[in-house]
Amino acid sequence: MHGVMGKPPDAATDKSVATSKLMLLLLVAMTGVAPISLYMLVPALPVLATTFGRDISIAQMTVSLFMVGIACSQLIMGPLSDKFGRRPVLLAGLGLMVVAGVGSIFAETLPQLIAARFFQALGGASGMVVSRAIIRDLYSRDRVGAMISLVIAVMMIAQMLSPLTGGLLETAFGWRAIFYAITAGSLAVAVGIALALPETRRVRSEDSNFRRDVGSLIRSRAFIGYVLCQVLASQIIFTFAGGGPYIVVTQMGRTSAEYGAWFATTGFAYLVGNLLCVRFAPRHSLERLIWFGLALQLGGSLLNLAWSIVGLNQAPLWLFGTQMIVMAGNAFVMANSAAGAISVRPEAAGTASGAMGFLQQGIGSLVSQFGAYLGGHSTTTLPLTTAILIISIACASSMIFLVPRRKTVVSEEMIEEAEEDEAGVM
């Protein structure tokens, strides 16, 4: 069951493809090119507003519409990759990103830059959705969560450095240098995919089509349960990120720089959670890893609510220290529930991945606003921590009431083969 699954004759069939370090590098690059491009520009937003003589809220649209582009791309690119293959869709998407990057470099007005950024996201996000489908093409169901975690863990290191990189580029060479770097990076990823990525899409029956794929997915309780679990888990991040700045800066009277330092601890906990998921995956089923993560999420959320009631987490150490427990569990839940969702119908992995990504981003944009309202219109942390607990309970409920129980017996042979796969990608 572990390793490469069956593929069409013209697809990748060599197990070494799944375990090669080059494949891991390509998966990280295609997954991270859009998020890194998003965060690289953030430090330059005040400079953009000044340069074009516009309000900072207009300059912010280069970020907000980029996120809209990511959400739209998830719905479009996933089904296209199921129909036409992973390679053509990736190359077309990254080609669009390169063209939009050139447009960003030569933009003369802020509306032109905002439009170019939207198309940059529309193309670049193809890597985010198609990478999950490629992972499902190459690995068995119980290995998908570990591979997603491994890709996320490596990508997060680069993503955390991207605002610093963007700030240094802007300071040294001006804001257009950021787009030179983004365009060069997206071109390099496209060239790498063209030269080294084989087609991994599975054989599809002649009567397979988008409508039938969508119909089979929405009729599956397991798919709905896994997707709800993954999307709700991601909303914990959006809720806390939306309300956190107001709580730390307004309620606690700390600086925005201090908030940034504390918030980085939750990102570190999420990174650690992904690395632990990679470590535990060979010996535990996908469902067991999800339940472990849900237990951490619920436990951390309950603790944070308790600290809110007694007034302890009016200090950042208590609030963020407990939230780190939530985020470590969140990593287990998100990676493995995503693996479950795209494994319900493997030949439609792109469609499943796209629907999940669209819901995550679309709902997240609303939930972050809700979190900001809770943090900005309260005098304690209680409303925010209550909301996070409710989301954690809803997340667990989707697994309890929708996902069928599976009993998996792991043999010694399966463990040994999983360890060989892990050794090949680490």
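I will try to describe carefully the structure that is included in this document. Fair warning: this is a prediction, and the values are worked out from it, not measured in the lab. (Residues numbered from 1 in each chain as written. Predicted model: local features only at pLDDT ≥ 70, side-chain atom pairs only at ≥ 80, totals over all residues. Heavy atoms only, no water.)

**Some words on the overall build of the chain**
- When its secondary structure is counted, the chain shows 18 helices and zero strands.
- Relative to its full complement of 426 residues, the chain shows a buried share of 54%.
- Contacts in the chain between residues at least 24 apart in sequence constitute 86% of all its contacts with a sequence separation of at least 6. (Helix = DSSP H or I, 4+ residues; strand = E, 2+ residues; numbered from the N terminus. Buried < 20%, exposed > 50% of the residue type's maximum accessible area, 1.4 Å probe, protein only. Contact = heavy atoms within 4.5 Å.)

**Topic: helix α2 (residues 21-41)**
- For α2, which comprises 21 residues, the first-to-last C-alpha distance of 29 Å matches the rise-based estimate of 30 Å (1.5 Å per residue) to within 8%.
- Considering bend angle alone, the principal kink of α2 is centred on G32 and spans about 45°; proline P35 follows within four residues of it.
- When you tally the buried positions in α2, you get 15 out of 21 residues, the bulk of the element. (Expected span 1.5 Å × (residues − 1). Bend = angle between axes of the 7 residues up to and from the residue.)

**So, helix α7 (residues 110-124)**
- When the terminal C-alpha atoms of α7 are compared, their 21 Å separation across 15 residues agrees well with the 21 Å that a helix rising 1.5 Å per residue should span.
- Here α7 has its buried residues at L110, L113, I114, A116, R117, Q120, A121, L122, G123 and G124.

**A look at the packing of helix α12 (residues 221-251) against helix α14 (residues 286-310)**
- At their nearest, the axes of α12 and α14 sit 13 Å apart, and the two run at 30° to each other. The crossing of α12 and α14 is left-handed. Contact residues: α12 offers Y226, C229, A233 and I236, while α14 offers L286, E287, I290, L294 and Q297.
- For the contact of α12 with α14, the per-class residue count stands at seven nonpolar, one polar and one charged. (Axes fitted to C-alpha atoms, helices over the stretch in contact; angles between N-to-C directions. Left-handed = near helix turned anticlockwise from the far one by under 90°. Nonpolar A, V, L, I, M, F, W, Y, C, P; charged D, E, K, R; others polar.)

**Looking at the pattern of salt bridges**
- Taken as a whole and assessed by the stated rule, the structure comprises four salt bridges.
- Note that R86 is salt-bridged to D82, the shortest N-O span being 2.9 Å. Assigned by exposure class, R86 and D82 land together as buried.
- Where R86 meets D137, a salt bridge forms, and the shortest distance between an N and an O atom there is 2.8 Å. Highlighted residues: R86 in helix α6 (residues 86-105) and D137 in helix α8 (residues 126-138), separated in sequence by 51 residues. (Salt bridge = Lys/Arg side-chain N within 4 Å of Asp/Glu carboxyl O.)

**Notes on the layout of surface pockets**
- By volume, the second largest pocket is sized at about 270 Å³.
- Lining the second largest pocket we find 18 residues, and of these I218, F223, V227, A355 and L359 sit closest to its centre.
- Listed by contribution, the elements that provide at least two residues to the lining of the second largest pocket are α5 (61-84), α11 (210-218), α12 and α16 (349-376).
- Tallying contributions element by element places α12 first for the lining of the second largest pocket, with seven residues.
- Tallied by class, residues from the lining of the second largest pocket come to 16 nonpolar, two polar and no charged. (1 Å grid on protein atoms, 1.4 Å probe; cavity = no way out; pocket = protein on both sides within 12 Å on 5 of 7 lines; lining within 4 Å. Points joined across faces, edges and corners; volume = space filled by probe spheres on them.)

**A look at the packing of aromatic side chains**
- Tallied over the entire structure, the rule returns eight aromatic pairs.
- Seen from their ring centres, F292 and F332 are 5.1 Å apart, and the 75° between their planes marks the pair as edge-to-face. Note that F292 is positioned in helix α14 and F332 in helix α15 (residues 316-343), a separation of 40 residues in sequence.
- On the accessibility criterion, F292 (40% relative accessible area) is partly exposed.
- The residue whose ring lies beneath K83 is F84, and the NZ or CZ to ring-centre distance is 5.6 Å. (Phe/Tyr/Trp six-rings, centres within 6.5 Å; stacked < 30°, edge-to-face > 60°. Lys NZ or Arg CZ within 6 Å of the ring centre and 35° of its normal.)

**Brief notes about the packing of α16 against helix α17 (residues 382-401)**
- Remark: α16 packs on α17, axes separated minimally by 7 Å, with the N-to-C direction vectors making an angle of 145°. The residues of α17 that touch α16, namely those facing F370, G371 and L374, are P383, L384 and A387.
- Class assignment for the residues of the contact of α16 with α17 results in five nonpolar, one polar and no charged.

**A word on the side chain of S337**
- With respect to the helices, strands and loops of the structure, S337 is situated in helix α15.
- Among the polar contacts listed, one links the side chain of S337 to the backbone oxygen of M334, at a separation of 3.4 Å. (Polar contact = N/O pair within 3.5 Å; in protein donor to acceptor, adjacent residues only side chain to side chain.)

**Let's talk about the environment of G32**
- Structurally, G32 is set in helix α2.
- Classification of G32 as buried rests on a relative accessible area of 2%.
- Distance from G32 to V154, taken between C-alpha atoms, is 9.3 Å for residues 122 residues apart in sequence.

**Considering the side chain of T31**
- Looking at the element boundaries, T31 is found in helix α2.
- Relative accessible area serves as the criterion here: at 12%, T31 is assigned to the buried category.
- For T31, the side chain forms a polar contact with the side chain of S131, separated by 2.9 Å.
- Sequence-distant contacts of T31, defined by excluding residues within four places in its chain, comprise G127, M128, S131, V151 and M155.

**Concerning the environment of L150**
- Within the secondary structure layout, L150 lies in helix α9 (residues 141-173).
- On the basis of relative accessibility, which here comes to 5%, the residue L150 falls in the buried class.
- Put simply, L150 and L276 are 126 residues apart on the chain and 9.5 Å apart in space, counted from C-alpha to C-alpha.

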